[in-house]
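Inside the fold
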Amino acid sequence: MNAFLLASLLAMTSSLFWPNLLSLPILYVSLIALVASLVKRKLWAAGFIFGVCWMTSHALYYQSWIVNIQQKTANSSIIGEILAVDNNQYWQKITVELHQLDTHTSIAWWQPKITLYHSRSTTDFVPLKAGQEIAAEVKLKPAFASINPAGFNYARWLVAKSIIGRGKLISYELLENKPSYREAWLTNVVNLLQSYQYSGEMLALMSGDKRLFLQQHKQLYQQSGLGHLFVLSGLHLGIVAFWSWLLAKLLSVIFRIHHQAVPIIFSLVCCLAFCWLANWQLSMMRALLMYGCSMLFILLGNRRRVVWGLMFSALLILLIWPFSVYNNGFWLSYLAVAIVLVCLWLGPKNKLVMLVYIQLAIGLLMMPLQVLLFGLVPSSALMLNLVAVPLFSMVIVPSLLLLILFIGVDSRFTSYLMHFVDWLFSYLYSSLEWLNGSLSVGLSSSSVAIGLLLTLPLCTLLLMLYHERLHWVLLLLLLLPSSVRLSQERDSWGVYVLDVGQGLAVVVTHQGEALIYDTGPKFRSGFSYAQSVIIPLLRELRVQRVDSIVISHGDNDHAGGRKILEHNFPLAKRYYGRDERLPGAHCHGSKTWGKLELDFYLVDLGYGNNGSCVLKLNDGNTSVLLTGDIEQLTEQQLLKVGLRKVNIMLSPHHGSNSSSSTGFIRSLEPEVVIHSSGAFNRFGFPHPSVLERYAGAEQYITGRDGTIKLEIDDRSYQVYSYRYLKFSPWYQQIISW
């Protein structure tokens, strides 16, 4: 049975890297092979085939929901429960668990979800609340993600959350308007907390509800590497389990109850109550299953097999919620538990020293996984977590648990507690503001690779003092960093046309430096592609210096992140198109950048689109033209001033039919054309007529193909689509055009 368990988990985990899913005929053949393996008692083979078939069937089912939304042209009707609400001054963003989409209902245990935007500008606006059940008319698009070489992996996140679509809430009817007991309790807590400066932090840690969480506070915690402490997960459930077990143990001593099951059962009940407060969040339910299975093995007198209990809980989780394997919290939770078990096995005997030992080990050993999962972690995050995790575990969260118990019982004591926790957060926040200038590193950067080469032998030596066999495992791990390319080729240059939705952002790299052409949009929520994609990419590529920032014109989809980039790279030279929303340092003339010749074009035809700064990059063999949002009149003027043949170009104005005139295309004769257009954009870009006019060239669309990377050297160039790279996982390739 252990062989079946291990093989199943291995197969399910491998789905993270599958470039394709099994077709239905192969899936049927695999099911026959599964039955044959079970009959022959080939448990390893049976477990692996079962894991592959299980994940494939659910992935195909998830895809079928997305295809159904994509093929529908009219509005949809839904029935569902509101799971979460995110408010700002313009709209409500609500996450709905679907009970029915048109005539479709889910046959799987997991329920598909959609995210909807509920505009506050309507005269009949009534705010929705978590826990309400609605019947609504919605306008949906399929769930899709921008695919970029760095930054948050949104495509995997969508699958992990079972989100199949997003769109606009047109109209709705409440099916059940009576607030639940949890919502009534939350309303009372919100009324008590909202006068405190850090009420959002307190409410988030007590219930997972972020309605009071200020956006600027949230951003600072994320930038400091402490954002995970405010997302209820296995760490918080572990704190509840520990303190409730300790309380039950103390009561058992007082009342002379000597059965070990009493503290464990009491602790499980408290964890269950906390999951209810957290509205049964999936991360909490997973942690509860982990804890419950581990405690079951202890109660059965099988302490040495707690590891198998954890593995059994992992299989159980993936059977119930198969997409948990794509969730970062799933891996962080299991790694944390594994670190605790290793510390209990190899660590000191003194319990107080052991507690400190475990905290240090979790802070130190989880950092590489956090870098791997999240791409960038501030260099100060390790030290901050070594202080913050014990502070939250031993002081802040226990104080808030006491607050939960005494709300409505002792108003004076709860007031003291709220003042105390608010005071703690004020010192924490001011400290983080002071440390906010810390640097960040990426996993693939040479600094991390060299760090692994230096630290792994040290870890090996330390573990050899405790155990003879484990050092061989770590010695094998030394081979991994050798596969990391520690130096960039200096005689080549690269162009990244980033996937930033309906916008434009280009990063050009050359000799360890970068040029940025446009920034992509910034949204009213505060999200910016400059912060979430461009800056992480520069760090991932180990760019030493940003030489220039070029802003074609002032539209938000081109210049939304301008101030962010100029703040982060104050020494970069700046070039702007002619636009009243931009500074007056207009682009003009030519300059040399390494071996590249940069030619700037700015036609005097007014402001805005036709005032776009056009840039041509040329190494003597290959030329790339970046066109902004110029229209046909500007195209004619560019031909008059001598612009001629290029190898690669961006289609002007995202492929609008008001640009890309036939004469312009014939004069430039591009071999490759890239349309920076968002998937399912409301303008219908690139226009079919434009695609037809570029028929003689190889064409790419960022919304369809993801980031387009150009590798250019003295002899040739190569074009890569990040959505369809050789080893791109299946969940990045769901979208079709």
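1. Description of the sheet that holds strand β9 (residues 505–510)
Pairing is mixed across the open sheet formed by 7 strands, whose spatial order is β12-β11-β10-β9-β8-β20-β21. In this open sheet, the two edge strands, each paired with only one partner strand, are β12 (573–576) and β21 (717–721). Across the sheet, the mean angle separating the axes of adjacent strands is 15° when strand polarity is ignored. Pairing analysis gives 5 bridges linking strand β10 (residues 513–519) to strand β11 (residues 545–551), with the strands arranged parallel. By the bridge assignment, Tyr-517 is partnered in β11 with Val-550.

2. Some thoughts on the confidence of the model for the protein chain
Parts of the model with low pLDDT should not have their predicted coordinates read in detail. Residues with a pLDDT of 70 or more make up 86% of the protein chain, whose mean pLDDT is 84. Ignoring residues within four places in sequence, the model shows residues 438–450, a span with pLDDT below 50, making 34 contacts including any to other chains. Predicted confidence is poor over residues 463–490, with pLDDT under 50, and the contacts of this stretch with residues over four places away or in other chains come to 34 contacts.

3. Looking at the pairing of strand β20 (residues 708–712)
Taken across its 5 residues, β20 has 4 buried, putting it largely inside the fold. In terms of strand pairing, strand β8 (residues 493–497) meets β20 through 5 bridges, oriented antiparallel. By the bridge assignment, Gly-494 is partnered in β20 with Glu-711. Where β20 lies against β21, 5 bridges are found, and the strand directions are antiparallel. Bridge assignment links Lys-709 to a residue of β21, and that residue is Tyr-720. In this antiparallel pair of consecutive strands, β20 and β21, the connection spans 4 residues.

Thresholds, definitions, all that
Residues numbered from 1 in each chain as written. Predicted model: local features only at pLDDT ≥ 70, side-chain atom pairs only at ≥ 80, totals over all residues. Heavy atoms only, no water. Pairing = 2+ DSSP bridges. Helix = DSSP H or I, 4+ residues; strand = E, 2+ residues; numbered from the N terminus. Axes fitted to C-alpha atoms, helices over the stretch in contact; angles between N-to-C directions. pLDDT = per-residue confidence, 0-100. Contact = heavy atoms within 4.5 Å. Buried < 20%, exposed > 50% of the residue type's maximum accessible area, 1.4 Å probe, protein only.

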